[in-house]
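Residue strings, one per chain:
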Amino acid sequence: MTRVVVFGCGPRGERIAEAYALHPEASVAAVYDADLARRDCMAEAFGCEALPGLDWEHISELDRPLIGVIATRTALHGPLTLMALHYGSTIFDALVVEKPLASTPAQLSAIRLASQRYNIPVFTQHQFCCVPPIATAKRLLADGIIGNHRYTEVSGKGYSAGYDTLNLGTHLLVAAQQFSYTTPQSVAASFRQSDGNLTRVHDIRHGPYGFGLIAGDHIEATVTGLPMRLNFKQLDAPTAANIRVDLCGDAGTLRVYWKNALHWRRSEDDPWEPQPLDNPTLFDYDYNTYPNGDLWHADATIRAVTSRARHPADLDKESAALHIIWAAARSHFEKEGEHAEVLWDANRFDLHPLAAAARRAHFDPDRMDAALRYPEWVSRHPWASWTARA
């Protein structure tokens, strides 16, 4: 039996805990939140322990295998992941972190190094890449339904694009990588405001829910190496129906929608044809009627921990997704829309590209409103405060 500790008892923490509670080979062992009332409510709901704090010695007494789930707001993902890797080096068999994994290139680099040092795999909670529509699309792609796969296009929900790319965009970028085995090389991007004007340095702002620095209401980008196109445009009425991954070939297109739909058409003049899903049932749950991707993600995580199966949302794929977004920002703000190389070498950067652009213009992003801080989570671990600012 695999046990799970959940850090963060908000809506996503509850949803992920529910998925592990439904899994016949897992149980929720303990939960923690800086909001103690919310922690107690979730502990009662799942019949598990309410941790008194980030007490790593106490957590080490729980039976293994043990998975740590970090489901806080985005600003804490990087710092808490580094803390869990450092203090949990003999505790956790894996960490699962809500998306996006890190807020800056420096955080991501530190997480990769710590994961290797402590031999703890880190997976991101990209449930979309684990679901039957993705698996079915992979099989249809291999069967040649679209002919030669020429490129992939992803489209967001219709939020302001700077927020959409970090929120649902990372889901889509990791999902798109399930259909390609190549590495992104460069990104050419254009950021525009809702009025159609190019996004300027002074349009950079802090995103909601601790999503860090964001910019642009509409973002279009082309990625070489995969290849891929990003199309994130702010809509008057954002809708899940717009969230999709299009696999475009010379003999047709496969469209994977966010929840449980998979369609195919031969050409733009033909109607979309729904495709039945392969193996839509998991533990008596039918994905057609219960499209809870978190359950499928939990199953993939447990198999990765117990049998060392490759996880579809591993650290390599999350790293590629974030580096694509950061390269898009560098393309727009540093290279006037020309291709910016995807920088994999941590020695070649030390700052979020949006922060770098702002500071070159003598505009300090740290002084902007709405910066999210959770000192009650990290104040007792001063070494982690650097990761929150990096």
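Residues numbered from 1 in each chain as written. Predicted model: local features only at pLDDT ≥ 70, side-chain atom pairs only at ≥ 80, totals over all residues. Heavy atoms only, no water.

J.: Give me the lowdown on the pairing of strand S13 (residues 244–249), citing residues and values where you can.
T.: Most of S13 is tucked away: six of the six residues are buried. On S13, burial covers both faces: Arg244, Asp246 and Cys248 on one face and Val245, Leu247 and Gly249 on the other are all buried. Looking at chain direction, strand S7 (residues 149–155) and S13 are connected through six bridges and run antiparallel. Each residue of the ladder has a partner; that of glutamate 153, found in S13, is aspartate 246. Relative to strand S14 (residues 252–257), S13 is paired through six bridges, and the arrangement is antiparallel. Each bridged residue has a counterpart across the sheet, and for cysteine 248 the counterpart in S14 is threonine 253. Linking S13 to S14, which pair antiparallel, is a turn of two residues. (Buried < 20%, exposed > 50% of the residue type's maximum accessible area, 1.4 Å probe, protein only. Helix = DSSP H or I, 4+ residues; strand = E, 2+ residues; numbered from the N terminus. Pairing = 2+ DSSP bridges.)

J.: Can you tell me about the pairing of strand S1 (residues 2–7), naming the residues and giving the values?
T.: Here S1 lies mainly inside the structure; five of its six residues are buried. Relative to strand S2 (residues 26–32), S1 is paired through six bridges, and the arrangement is parallel. Note that in S2 the partner of valine 4 across the bridge is valine 28. Bridge count between S1 and strand S4 (residues 66–70): five bridges; the pairing is parallel. Looking across to S4, one finds that valine 4 is bridged to isoleucine 67.

J.: Just give me the short version of the pattern of salt bridges, but keep the residues and values in it.
T.: Counted by the stated rule, this structure contains 17 salt bridges. The residue glutamate 98 makes a salt bridge to arginine 12 at a minimum N-O spacing of 2.8 Å. Within this pair, whereas glutamate 98 is found in the loop between strand S5 (94–97) and helix H5 (105–118), its partner arginine 12 is found in helix H1 (residues 11–22), the two being separated by 86 residues in sequence. Between glutamate 220 and lysine 233 there is a salt bridge, and its shortest N-O distance comes to 3.3 Å. Taken as a pair, glutamate 220 in strand S11 (residues 218–224) and lysine 233 in strand S12 (residues 228–233) lie far apart in primary sequence, 13 residues in all. On the accessibility criterion, glutamate 220 (41% relative accessible area) is partly exposed. (Salt bridge = Lys/Arg side-chain N within 4 Å of Asp/Glu carboxyl O.)

J.: Outline the sheet that holds strand S15 (residues 262–265), supporting the account with residue identities and numerical values.
T.: Strand order across the open sheet formed by nine strands is S16-S15-S14-S13-S7-S12-S11-S8-S19, with mixed pairing between neighbours. Each edge of the open sheet is held by one strand with a lone partner, namely strand S16 (273–274) and strand S19 (340–341). Packing against the sheet, helix H9 (residues 315–335) makes contact with strand S8 (186–192), S11, S12 and S19, and its axis sits at approximately 65° to S8. (Contact = heavy atoms within 4.5 Å. Axes fitted to C-alpha atoms, helices over the stretch in contact; angles between N-to-C directions.)

J.: I'd like a description of the confidence of the model for the chain, backed by residues and values.
T.: Chain-level pLDDT for the chain is 90 on average; 91% of the residues reach the 70-or-more range. Counting contacts from residues 369–374, a segment whose pLDDT is below 50, to residues more than four positions away or on other chains yields nine contacts. Of the regions scoring below 50 in pLDDT, residues 379–390 engages in 20 contacts with residues more than four places distant in sequence or in other chains. (pLDDT = per-residue confidence, 0-100.)

J.: Describe in detail the sheet that holds S2, supporting the description with residues and values.
T.: Taken together, six strands build an open sheet; the order of strands is S3-S2-S1-S4-S5-S6 and the sheet is parallel. Where the open sheet ends on each side, the last strands, each with one partner, are strand S3 (49–50) and strand S6 (122–124).

J.: For unusual backbone geometry, give the residues involved together with the corresponding values.
T.: Comment: phi is negative for the bulk of residues other than glycine, and the bulk of peptide bonds are trans. A cis amide bond, omega -15°, links lysine 99 with the succeeding residue proline 100. The peptide bond linking leucine 226 to proline 227 adopts the cis configuration, its omega dihedral lying at -25°. In this structure, proline 227 sits in the loop between S11 and S12. In this model, phenylalanine 283 sits at a positive phi of 55°, which is unusual for a non-glycine residue.

J.: Give a detailed account of helix H10 (residues 353–360), specifying residues and quantitative values.
T.: Across the eight residues of H10, six count as buried, placing the element largely inside the fold. Among the residues making up H10, those that are buried are Pro353, Leu354, Ala355, Ala356, Ala357 and Ala358. Tucked inside the fold, the buried residues of H10 contact H5, strand S10 (213–214) and H9.

J.: For the packing of aromatic side chains, give the residues involved together with the corresponding values.
T.: Throughout the structure, instances matching the rule amount to 10 aromatic pairs. When the centroid spacing of 5.9 Å and the interplanar angle of 65° are considered together, the rings of phenylalanine 191 and phenylalanine 333 count as edge-to-face. Note that phenylalanine 191 is positioned in strand S8 and phenylalanine 333 in helix H9, a separation of 142 residues in sequence. Phenylalanine 333 shares its class with phenylalanine 191; the two are buried. One aromatic cluster in this structure is built from Phe7, Trp56, Tyr87 and Phe92. (Phe/Tyr/Trp six-rings, centres within 6.5 Å; stacked < 30°, edge-to-face > 60°.)

J.: Lay out helix H8 (residues 293–307) with the relevant residues and their values.
T.: When the terminal C-alpha atoms of H8 are compared, their 21 Å separation across 15 residues agrees well with the 21 Å that a helix rising 1.5 Å per residue should span. Among the 15 residues of H8, 12 are classified as buried, and the element is accordingly described as predominantly covered. The set of residues buried in H8 consists of Gly293, Asp294, Leu295, Trp296, His297, Ala298, Asp299, Ala300, Thr301, Ile302, Ala304 and Val305. The N-capping residue of H8, defined by a side-chain oxygen 3.0 Å from the backbone nitrogen of aspartate 294, is asparagine 292. A positive backbone phi angle near 60° is found at arginine 308, which sits one or two residues after H8. (Expected span 1.5 Å × (residues − 1). Polar contact = N/O pair within 3.5 Å; in protein donor to acceptor, adjacent residues only side chain to side chain.)

J.: Tell me about empty space enclosed by the protein, and name the residues and values.
T.: Counted by the stated rule, this structure contains three cavities of 30 Å³ or more. Each pocket or cavity is described by its volume, and for the largest cavity that value is around 130 Å³. As for the largest cavity, its lining consists of 15 residues, of which Gly162, Thr165, Phe191, Ile219 and Ile325 are closest to the centre. Put simply, the parts of the chain that give the lining of the largest cavity at least two residues each are helix H7 (161–176), S10 and H9. (1 Å grid on protein atoms, 1.4 Å probe; cavity = no way out; pocket = protein on both sides within 12 Å on 5 of 7 lines; lining within 4 Å. Points joined across faces, edges and corners; volume = space filled by probe spheres on them.)

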